Amino acid sequence: QVQLVESGGGLVQAGGSLRLSCAASGGTFSTYRMGWFRQAPGKEREFVANITWTGGITNYADSVKGRFTISRDNAKKTVYLQMNSLKPEDTGVYYCAARPLTRLTYEYWGQGTQVTVSS
């Protein structure tokens, strides 16, 4: 069983930056594809970014390309999301998730961390 704990959320002004972290315990972190998702009030959860287990391939939602960067440190069992040039529409609860190599879906989810961007 994998446990994921997000941190680093908070309140920031538009144009500012935040760095989210997601620490994993249990399981074999280095073999999981890791992803970040977010859910704005009244909206469905949406994909933000993901990264392969080696860190060699990353993918981003169009809305965050050029502003957000996902990275991972397998030795620390942690995945990061650096968020720059934040906009009010980036507000929401951010979740990290883990997808085992043998699965097509994200199987493990964190509890989420709130990000609020004021205009």
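Given the structure is predicted, the values throughout are model-derived calculations rather than measurements.

**Here's the deal with the packing of aromatic side chains**
Summed over all chains, the structure comprises 5 aromatic pairs. Ring geometry for Tyr32 and Tyr108: centres 6.2 Å apart, planes at 45°, overall tilted. Highlighted residues: Tyr32 in the loop between β3 (18–25) and β4 (33–39) and Tyr108 in strand β10 (residues 108–109), separated in sequence by 76 residues. Between Phe37 and Phe47 the ring centres are 5.8 Å apart and the planes differ by 75°, which places this aromatic pair in the edge-to-face class. Of this pair, Phe37 sits in strand β4 while Phe47 sits in strand β5 (residues 46–51), and the two are 10 residues apart along the sequence. Just above the ring of Tyr80 sits the side chain of Arg19; from NZ or CZ to the centre is 4.0 Å. Geometry around Trp109 places Arg45 over its ring, the cationic atom sitting 3.9 Å from the centre.

**Focus: the side chain of Ser21**
Considering the arrangement of structural elements, one finds Ser21 in strand β3. Not counting residues up to four positions away in its chain, the partners in contact with Ser21 are Val5, Glu6, Ser7, Trp36, Thr78, Val79 and Tyr80.

**A short note on the nonpolar core**
Core analysis: the largest hydrophobic core is formed by 28 residues, its most contacted members being Met34, Trp36, Leu81, Met83 and Tyr94. At the level of secondary structure, the elements contributing two or more residues to this core comprise β3, β4, β5, β7 (68–73), β8 (78–83), β9 (92–99) and β11 (113–118). The biggest single contributor to this core is β3, with 4 residues. Those residues in contact with Met83, other than ones at most four positions away along the chain, are Gly16, Ser17, Leu18, Leu20, Arg67, Phe68, Tyr94 and Val115.

**Description of the pairing of strand β1 (residues 3–7)**
In β1, alternate side chains face the same way, and those of Leu4 and Glu6 are buried while those of Gln3, Val5 and Ser7 on the opposite face are not. Direction of pairing for β1 relative to β3: antiparallel, over a ladder of 5 bridges. The residue bridging Val5 from the neighbouring strand is Ala23, located in β3.

**Here we look at the pattern of salt bridges**
Evaluated as defined, the whole model comprises 5 salt bridges. Between Asp90 and Arg38 there is a salt bridge whose closest N-O contact spans 2.9 Å. Here Arg38 lies in strand β4 and Asp90 lies in the loop between β8 and β9, a separation of 52 residues in the sequence. Owing to a relative accessible area of 1%, Asp90 belongs among the buried residues under this scheme. For Arg38, a relative accessible area of 6% translates into the label buried. In this structure, Arg103 engages Glu107 in a salt bridge whose closest nitrogen and oxygen atoms are separated by 3.3 Å. Judged by relative accessible area, which is 42%, Arg103 ranks as partly exposed. Here the residues in one salt-bridge network are Arg38, Glu46, Arg67 and Asp90, joined through shared partners.

**What to know about the environment of Ile57**
Tracing the chain through its elements places Ile57 in the loop between β5 and β6 (58–60). Along the primary structure Ile57 and Tyr106 are separated by 49 residues, whereas in three dimensions their C-alpha atoms are 17 Å apart. In this structure Ile57 touches Asn50, Ile51 and Thr52, once residues within four positions along its chain are discounted.

Thresholds applied
Going along each chain's sequence as written, the residues are numbered from 1 onward. Totals for whole chains, interfaces and linings use all residues, but because this is a predicted model, local features are given only for residues with pLDDT of at least 70 and pairs of side-chain atoms are given and counted only at 80 or more. The side-chain figures draw on all heavy atoms in the structure; neither hydrogens nor water molecules are used. Pairing of aromatic rings covers Phe, Tyr and the six-membered ring of Trp, with a centre-to-centre limit of 6.5 Å; geometry is then stacked below 30 degrees between planes, edge-to-face above 60, and tilted otherwise. The helix count covers DSSP runs of H or I at least four residues long, the strand count covers runs of E at least two residues long, and both are numbered beginning at the N terminus. Only lysine NZ and arginine CZ atoms are considered, and such an atom sits over a ring when it is within 6 Å of the ring centre and within 35 degrees of the ring normal. The contact rule is simple, with two residues in contact once any of their heavy atoms fall within 4.5 Å. Among the buried residues, those of types Ala, Val, Leu, Ile, Met, Phe, Trp, Tyr and Cys that are joined through side-chain atoms within 4.5 Å form a nonpolar core. Whether a residue is buried, partly exposed or exposed follows from its accessible area with a 1.4 Å probe, protein chains only, as a fraction of its type maximum: under 20%, in between, or over 50%, in that order. Only strands that DSSP links by at least two bridges are regarded as paired with each other. Here, a salt bridge means any side-chain nitrogen of Lys or Arg that lies within 4 Å of a carboxyl oxygen of Asp or Glu.

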